[in-house]
Amino acid sequence: MPSLPLSLIRGALTAPFKKAGGPGAALPADRPHLPAAPAAPRPLAAYRTLCGFTETGTLPVTYPHVLAFPLAMRLMTGRRFPLPVTGLVHTWIEITAHRTLHPTDPLELTVYAEALTPHRRGTEVTVVTEARLAGELVWESRSGYLSRHATRPGTGTTPAPAADGPPLPAVTEWRLPADLGRRYGAASGDRNPIHLYPLTARLFGFPRAIAHGMWTVARCLAEAPQPHLIRSVRADFRAPVLLPGTVTYASDGVAFLLRGDGGRVHLTGTTARTAPEAARDGRS
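Owing to the predicted nature of the structure, the values given are computational and were not obtained by experimental measurement. (Residues numbered from 1 in each chain as written. Predicted model: local features only at pLDDT ≥ 70, side-chain atom pairs only at ≥ 80, totals over all residues. Heavy atoms only, no water.)

Student: Report on the sheet that holds strand E7 (residues 230–237), specifying residues and quantitative values.
Tutor: Taken in spatial order, the 10 strands of this open sheet run E1-E3-E4-E5-E2-E7-E10-E9-E8-E6, and their pairing is antiparallel. Each of the sheet's edge strands pairs with one partner strand only, and the pair in question is strand E1 (33–37) and strand E6 (170–176). Direction aside, the axes of adjacent strands within the sheet are offset by 20° on average. In this sheet, strand E9 (residues 255–259) lies alongside strand E8 (residues 245–251) in antiparallel orientation, the contact comprising 4 bridges. Of the residues in E9, the one forming a bridge with Ser 251 is Phe 256. Along the sheet face, helix H3 (residues 63–76) touches E1, strand E2 (89–97), strand E3 (107–119), strand E4 (122–133) and strand E5 (136–148) and points at about 55° away from the line of E3. (Pairing = 2+ DSSP bridges. Helix = DSSP H or I, 4+ residues; strand = E, 2+ residues; numbered from the N terminus. Axes fitted to C-alpha atoms, helices over the stretch in contact; angles between N-to-C directions. Contact = heavy atoms within 4.5 Å.)

Student: Kindly report on the packing of helix H2 (residues 41–51) against helix H4 (residues 180–188), identifying the contributing residues and their values.
Tutor: Where H2 contacts H4, the axes come no closer than 8 Å and their chain directions differ by 150°. It follows from the interaxial angle that H2 and H4 lie roughly antiparallel. Packed against H2, whose contacting residues are Pro 43, Ala 46, Tyr 47, Leu 50 and Cys 51, the element H4 presents Leu 180, Arg 183, Tyr 184 and Ala 187 at the interface. Broken down by class, the residue content of the contact of H2 with H4 amounts to 8 nonpolar, no polar and 1 charged. (Parallel < 35°, antiparallel > 145°, perpendicular 65-115°, else oblique. Nonpolar A, V, L, I, M, F, W, Y, C, P; charged D, E, K, R; others polar.)

Student: Could you give an account of the packing of H2 against helix H6 (residues 213–223), with specific residues and numbers?
Tutor: Running from N to C, H2 and H6 point in directions that differ by 75°, and their axes come no closer than 9 Å. Relative to H6, the element H2 lies roughly perpendicular. For the pair H2 and H6, the contacting residues are Tyr 47, Leu 50 and Cys 51 in the first and Trp 215, Ala 218, Arg 219 and Ala 222 in the second. Looking at the contact of H2 with H6 residue by residue, the class counts come to 6 nonpolar, no polar and 1 charged.

Student: Which residues make up the packing of aromatic side chains, and what are the values?
Tutor: Per the counting criterion, the structure on display carries 5 aromatic pairs. With centroids separated by 5.5 Å and ring planes inclined at 15°, the aromatic side chains of Trp 174 and Tyr 249 adopt a geometry described as stacked. With Trp 174 in strand E6 and Tyr 249 in strand E8, this pair connects stretches of sequence that are 75 residues apart. Summarising the burial analysis for this pair, Trp 174 and Tyr 249 share the class buried. Grouped by ring-pair contacts, the aromatic residues Tyr 47, Phe 53, Tyr 63 and Tyr 184 constitute a single cluster. Above the ring of Tyr 112, the side-chain terminus of Arg 31 is found at 3.9 Å from the ring centroid. (Phe/Tyr/Trp six-rings, centres within 6.5 Å; stacked < 30°, edge-to-face > 60°. Buried < 20%, exposed > 50% of the residue type's maximum accessible area, 1.4 Å probe, protein only. Lys NZ or Arg CZ within 6 Å of the ring centre and 35° of its normal.)

Here's what the structure looks like:
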């Protein structure tokens, strides 16, 4: 497994030599890869506990992203990657599970960059993660990461977020502790400084540590009825969740959101499900 701390150090050292939005930017052809292996039981158990997943016979739909995140960081901190990793913001994620996955499945993981897109606030890169089982594509995700920089009006092709639809019914409220980022970092391996302590977060412009976006997605999905039946997810990260803090999870069974103090929306998303009998058979 690639070392995430070393990737972060490499990213910090190479960032000053990269200019987002520069002419002729191209994505590397690199495809970091991990050979087939099952999830390690102890980190998986810690992840389930922290995110609220109670079903132990299946793999949480978000977990392959966690397993492959060090590969993504190795890609994005590489010398040929055109965007500086410092300040890169995870803006959205789409996940598709083509079949039900289990903790003992030996997943083969691959990550690559798919597209650079002009954004109204800078440049966005799409990073793809794929999981294969005996050569079959069984899970995939696409994530948008935004590098902010000055742009000319009208040059961005990424649309502004759609206006909020009808209000979703509140389901429950969560009080998030100050050490949530450190606990999730220990469970997932993602120890980005913005999530750990107020001091390290302030170095990157945040008043205090913020929750991991992928924890907020996972926690929302774990709260849904029968989360092991979820086969696809689209989530958009709207605003950081400061720690400690209190948030409200709202959902109508398909759409969901996370709302903070004053009604500020932090996360919006939608899900689709598979039939229970297909899940038992391992089909999508």
